[in-house]
Amino acid sequence: ERMEELIRRGSVIPLDTKKFNLLIRFLRDPNKTTKKLKLNGKPTNNVALLGEALESKPELEELSLSCFDTDEKGIVAISNLVKRASSLRFLRLQSCKIDATGAFTIAESLKTNTSVRELHLRGNSIGDDGAIALAEALKTN
């Protein structure tokens, strides 16, 4: 219940392993909805698992992830979420170890999602080419 209350209020949730597991259970529950999710992660949190769980939440309008250690599977999961989340307006992926390749993957997903209005990638190393790819993709939004 505490997890549900934090999500409902739009609070930033610092995730340890126990809270991460509770969050995944919450997100997988088809009777639970969430429009905003703000998470402060740890390198041990599985971004791919999080992305997969979020795919069943089409009502999601805001996703904010900070300090996650995203690998290729995690970027693909976030990208798949962006493709399917027609309500997603705000995407913040700060200090998530996203590189140029990850930026290109996210850019591809943004070409099919026209709802994203804000994208924040502070603290990542996307490089000039990644930034250009994202800017081009966002022209349709």
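Residues numbered from 1 in each chain as written. Predicted model: local features only at pLDDT ≥ 70, side-chain atom pairs only at ≥ 80, totals over all residues. Heavy atoms only, no water.

Details of the sheet that holds strand E5 (residues 118–120)
Across a sheet, strands are paired by hydrogen bonds formed along the backbone, either parallel or antiparallel in direction.
Moving on, step 1. Strand order in this open sheet of five strands is E1-E2-E3-E4-E5, and the pairing throughout is parallel. Looking at which strands have only one partner, the edges of the open sheet turn out to be strand E1 (12–14) and E5. This sheet shows a mean twist of 10° between the axes of neighbouring strands, independent of strand direction.
Moving on, step 2. The sheet contact formed by strand E2 (residues 36–40) and strand E3 (residues 62–66) spans five bridges and is parallel. Note on E3: the bridge partner recorded for Asn-40 is Ser-66. (Pairing = 2+ DSSP bridges. Helix = DSSP H or I, 4+ residues; strand = E, 2+ residues; numbered from the N terminus. Axes fitted to C-alpha atoms, helices over the stretch in contact; angles between N-to-C directions.)

Description of the pattern of salt bridges
Moving on, step 1. The final tally for this structure, using the stated rule, is 10 salt bridges.
Moving on, step 2. Among the salt bridges present, the one from Glu-5 reaches Arg-9, with a minimum N-O distance of 4.0 Å. Here the residue Glu-5 and the residue Arg-9 both occupy positions in helix H1 (residues 2–9), the gap between them amounting to four residues, near one helical turn.
Moving on, step 3. What you see here is one network of salt bridges that share partners, running through Lys-38, Glu-62, Arg-92 and Glu-118. (Salt bridge = Lys/Arg side-chain N within 4 Å of Asp/Glu carboxyl O.)

Concerning helix H3 (residues 47–54)
Moving on, step 1. Counting buried positions over the eight residues of H3 gives six, a clear majority of the element.
Moving on, step 2. Buried residues of H3: Val-47, Ala-48, Leu-50, Gly-51, Ala-53 and Leu-54, and no others.
Moving on, step 3. Tucked into the core, H3 has its buried residues touching helix H2 (17–28), E2, E3 and helix H4 (72–84).
Moving on, step 4. At the N-terminal boundary of H3, the capping side chain belongs to Asn-46, with an oxygen 3.1 Å from the backbone nitrogen of Ala-48. (Buried < 20%, exposed > 50% of the residue type's maximum accessible area, 1.4 Å probe, protein only. Contact = heavy atoms within 4.5 Å. Polar contact = N/O pair within 3.5 Å; in protein donor to acceptor, adjacent residues only side chain to side chain.)

Regarding the pairing of strand E4 (residues 90–94)
Moving on, step 1. Of all five residues making up E4, four are buried, and the element is well covered by its neighbours.
Moving on, step 2. In this sheet, E4 lies alongside E3 in parallel orientation, the contact comprising five bridges. Counted as the bridge partner of Ser-66 is Gln-94 from E4.
Moving on, step 3. After leaving E3, the chain enters H4 and then returns to the sheet as E4, a path that is right-handed. (Right-handed = clockwise from strand over helix to strand, strands pointing away.)

Thoughts on the packing of H2 against H3
Moving on, step 1. With their axes 8 Å apart at the nearest point, H2 and H3 run at an angle of 25° to one another. Judged on the interaxial angle alone, H3 and H2 are roughly parallel. The two elements H2 and H3 cross, and the hand of that crossing is left-handed. Residues Phe-20, Leu-23, Ile-24, Leu-27 and Arg-28 of H2 form the contact with H3, whose own contacting residues are Leu-49, Leu-50, Ala-53 and Leu-54.
Moving on, step 2. The residue inventory of the contact of H2 with H3, partitioned by class, reads eight nonpolar, no polar and one charged. (Parallel < 35°, antiparallel > 145°, perpendicular 65-115°, else oblique. Left-handed = near helix turned anticlockwise from the far one by under 90°. Nonpolar A, V, L, I, M, F, W, Y, C, P; charged D, E, K, R; others polar.)

Some thoughts on the confidence of the model for the protein
Moving on, step 1. Taken residue by residue, the protein gives an average pLDDT of 90. The fraction at 70 or more is 98%.
Moving on, step 2. Element-level pLDDT for the protein is lowest in H1, with a mean of 84, against a maximum mean of 96 in helix H5 (residues 100–110). (pLDDT = per-residue confidence, 0-100.)

What to know about the nonpolar core
Moving on, step 1. Counting residues in each nonpolar core, the largest one holds 40 residues, and the members touching the most others are Leu-23, Leu-37, Leu-39, Leu-50, Leu-63, Leu-65 and Leu-93.
Moving on, step 2. Ranked by residue count, the leading element in this core is H2, at five residues. (Core = buried A, V, L, I, M, F, W, Y, C linked by side-chain atoms within 4.5 Å.)

Considering the environment of Leu-88
Moving on, step 1. Position of Leu-88 among the secondary structure elements: in the loop between H4 and E4.
Moving on, step 2. Placed 27 residues apart in sequence, Leu-88 and Glu-61 show a C-alpha to C-alpha distance of 4.0 Å.
Moving on, step 3. Residues in contact with Leu-88, not counting those within four places in the same chain, are Leu-60, Glu-61, Glu-62, Leu-63, Val-82, Asn-113, Ser-115 and Val-116.

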